[in-house]
Structures are given as structure tokens and as C-alpha cells.
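Observations on chain architecture
Residues per chain are reported as follows:
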Amino acid sequence: MTQHLNMSIDDLRQTLVRNKASCLSCGRSVTIFSVRHYTVAPEDSGNNHVMFANWTRPSWVYNECDGCGYQTALWKMVKGITARQEKMAIHR
Ligand SMILES: [Zn+2]
């Protein structure tokens, strides 16, 4: 199922920056400019596609690193943020 987000793509970009999402390859922080997306036909969408508020086509969101050019999928960035937050909670 495509995940429906109650936010715009700009909101998502800012959320990723605020939560210090980073490139999976070199660790460089993402910026609002390095987070890209493209839309797909509804029948081509899968688990890791997202639907922004008021959009009719699902999107694939990824970061294209300013440093190394590696493309990190959104779900991997979210996983990285979640793992870091859990680690911080354990060390608190
Ligand atoms: Zn990188």
C-alpha cells in the first residue's frame, strides 16, 4: 500500500532536514534541494511510494547526494532517522 502523507513535498523536505536525514553512502546531510521525487501511475505504486496531500499520483522520493551523487530512497532515510532516535533514547 502506498503511504498517504498528510503533508506537502516541501513539508517532507523540511522534516527530513530537521531530523538530520543523511546520505546512506557518505553520510552527508540532506538539504531541501537534494531531496527529489518523481510521480508514477497509481497502478505502478508499491509499498515505498508515498502520496502527498491533495495529489492524485503516488511519488517516489529520494535524496540525490550533493557530495557523492548516491541516491538514498526515502524509506531508507526514515529508517536511519528512526534507528538514530532509538539509539539516543537508549543512551538517555
Ligand atoms: Zn553521499
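Figured I'd write up the structure that's included with this text. (Residues numbered from 1 in each chain as written. Predicted model: local features only at pLDDT ≥ 70, side-chain atom pairs only at ≥ 80, totals over all residues.)

This brings us to the overall build of the chain. Each helix and strand in the chain was counted, giving two helices and five strands. Beginning at the N terminus, the succession of helices and strands in the chain can be written as β-α-β-β-β-β-α. Computed over its C-alpha atoms, the radius of gyration of the chain comes to 14 Å, within 12% of the 12 Å expected for a compact globule of 92 residues. Principal axes of the C-alpha set define a box for the chain whose edges measure 40 × 30 × 20 Å. Within the span of the chain, comprising 92 residues, buried residues form 21% of the whole. For the chain, contacts bridging at least 24 residues in sequence account for 57% of all contacts bridging at least 6. (Helix = DSSP H or I, 4+ residues; strand = E, 2+ residues; numbered from the N terminus. Rg over C-alpha atoms; globule rule 2.2 N^0.38 Å. Buried ≥ 20, exposed ≤ 12 C-beta atoms within 10 Å, placed from the backbone. Contact = placed C-beta atoms within 7 Å.)

What follows covers unusual backbone geometry. Positive phi, close to 55°, is recorded for Lys20, a residue that is not glycine. Tracing the chain through its elements places Lys20 in the loop between α1 (9-18) and β2 (35-39). For Lys20, a count of 12 C-beta atoms within 10 Å corresponds to the exposed category. One non-glycine residue, Asn54, lies in positive phi territory at about 70°. Mapped onto the elements of the fold, Asn54 is located in the loop between β3 (50-51) and β4 (59-64). Given 6 C-beta atoms within 10 Å, Asn54 falls into the exposed group.

The residue Tyr70 is located in the loop between β4 and β5 (71-73) in this model. In this structure Tyr70 touches Cys23, Leu24, Ser25, Cys26 and Cys65, once residues within four positions along its chain are discounted.

Inspection of the sheet shows β2 paired to β4 by five bridges, in the antiparallel sense. Its bridge partner lying in β4, Val35 is registered against Asn63. By the bridge criterion, three bridges tie β4 to β5 in an arrangement that is antiparallel. Paired with Glu64 across the strands is Gln71, a residue of β5. Counted along the chain from β4 to the antiparallel partner β5, the turn is six residues long, and its residue Gly69 has a positive phi close to 85°. (Pairing = 2+ DSSP bridges.)

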